[in-house]
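Chains, contacts and geometry: an overview
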Amino acid sequence: MRIVNAPVSLRNDGQLWVYFLGCGSAFSKRHHQTNVLIVKGDDHLLVDCGTTCSGSLSLGGLSILDIRNIMVTHSHADHVGGLEELILMNRYVTRSKPRIFITRTYQKILWNQSIRGGAEYNERHDGVGLRFEDYFEVVRPRRKPNAPREGSAFDVGGIHVRTFRTRHYPEQATTWQDAMYTIGFVIDERVVFSGDTQFDADMLPEIEPAGGAEAIFHDTQFFPGGIHASLDQISTLPESYRSRMHLVHYGDNFDDKRGQIADNGFAGLTEEQRIYEFPPE
Ligand SMILES: [Zn+2]
Ligand SMILES: [Zn+2]
């Protein structure tokens, strides 16, 4: 893996690119929110579309209308707050539908609890408003029935994605089953992204038992409690994980933590607007 400081695009020569539009926490003022663009060959996938998403895309020379494939990890606004712009721009500017990879369960949650208020009554036909499917081309991922924790899989052209549930919120949730729907994912069995999660010592051994991922992007926060894995907690993970872990979704006081991050053997802090490039296999 190498970090490339060059403009991103939605096509490349077959490398796997993981491009963080942002690396900040939900409320960061120094970074954009942690939304990710994955590119390989002619294929791309946007993971999450928070309130800062279209601005961070334009910094990278892209428009929200360029995005044709999307996945959403969970319903916090740093991950879904930009979806209304995405769907309204598509419906009323280009009259098109982006493709969304989403389970039936999460589609209901996302529509009824987040998108619907600004989307349903933009039109009325025979007394009926618009539906989720009027805005998106829906693709159902395949279930992974034998996985140690609930998840699914799908392919966007040559990009393979495998998802898994995480224990993110509420703070009181003691297991992923008990938590609100939130997912992390693995790309091409090479790159793990924790998504948003509290510290969960079982997660990495369950979803990556062979330990073969080349990089693990893991969310972190610099204080105890709350709904993300704290730096102190993930510092207790074995060195075999820490040495591959790039920390992401972090707060604005990261400069104070650089020493601790280096001393504890992490791969480092993820930087936004950089291409993490994995060579073709
Ligand atoms: Zn978040
Ligand atoms: Zn969250």
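In this report, the structure presented in the accompanying data block is examined.

About the thresholds
- Residues numbered from 1 in each chain as written.
- Chains lettered and ligands numbered in written order.
- Predicted model: local features only at pLDDT ≥ 70, side-chain atom pairs only at ≥ 80, totals over all residues.
- Helix = DSSP H or I, 4+ residues; strand = E, 2+ residues; numbered from the N terminus.
- Expected span 1.5 Å × (residues − 1).
- Buried ≥ 20, exposed ≤ 12 C-beta atoms within 10 Å, placed from the backbone.
- Pairing = 2+ DSSP bridges.
- Contact = placed C-beta atoms within 7 Å.
- Axes fitted to C-alpha atoms, helices over the stretch in contact; angles between N-to-C directions.
- Parallel < 35°, antiparallel > 145°, perpendicular 65-115°, else oblique.
- Left-handed = near helix turned anticlockwise from the far one by under 90°.
- Nonpolar A, V, L, I, M, F, W, Y, C, P; charged D, E, K, R; others polar.

So, about helix H3 (residues 83–94). Counted at 1.5 Å a residue, the expected span for H3 with its 12 residues is 16 Å, and the 16 Å between its end C-alpha atoms agrees. Where H3 ends, the next residue or the one after it, Arg95, has phi of about 50°, a positive value.

With respect to the secondary-structure elements, Asp202 resides in the loop between strand E12 (191–193) and helix H6 (203–207). We classify Asp202 as exposed; it has 12 C-beta atoms within 10 Å. Separated by 57 residues in the primary sequence, Asp202 and Gly259 place their C-alpha atoms 27 Å from one another.

On to the sheet that holds E12, then. Taking strand neighbours across the sheet as the criterion, the eight strands line up as E8-E9-E10-E11-E12-E13-E14-E15 in an open arrangement whose pairing is mixed. Every other strand in the sheet has two partners, leaving strand E8 (142–143) and strand E15 (268–269) as the edge strands with one partner each. Where strand E9 (residues 152–156) lies against strand E10 (residues 159–165), four bridges are found, and the strand directions are antiparallel. Considered in E10, the bridge of Asp155 is made with His160.

Moving on, we come to helix H4 (residues 104–119). In this model H4 runs just 19 Å from its N-terminal to its C-terminal C-alpha over 16 residues, more than 12% under the 22 Å that 1.5 Å per residue would give. All of the buried residues along H4 are Tyr106, Leu110, Ile115 and Ala119. The inward-facing, buried residues of H4 abut helix H2 (77–80), H3 and helix H5 (132–135).

Attention now goes to the environment of Val39. Position of Val39 relative to the elements: it lies in strand E3 (residues 36–40). Through-space distance from the C-alpha of Val39 to that of Ala153 is 17 Å; in sequence the pair is 114 residues apart. With sequence-adjacent residues up to four places away left out, Val39 is seen in contact with Leu10, Asn12, Trp17, Tyr19 and His44.

This part takes up the packing of H3 against H4. At a minimum axis distance of 10 Å, the contact between H3 and H4 shows a crossing angle of 45°. Judged on the interaxial angle alone, H4 and H3 are oblique. In the packing of H3 onto H4, the handedness of the crossing is right-handed. Residues Leu83, Glu84 and Ile87 of H3 touch H4, and the partners they reach there are Ile115, Gly118 and Ala119. Of the residues contributing to the contact of H3 with H4, the split by class is four nonpolar, one polar and one charged.

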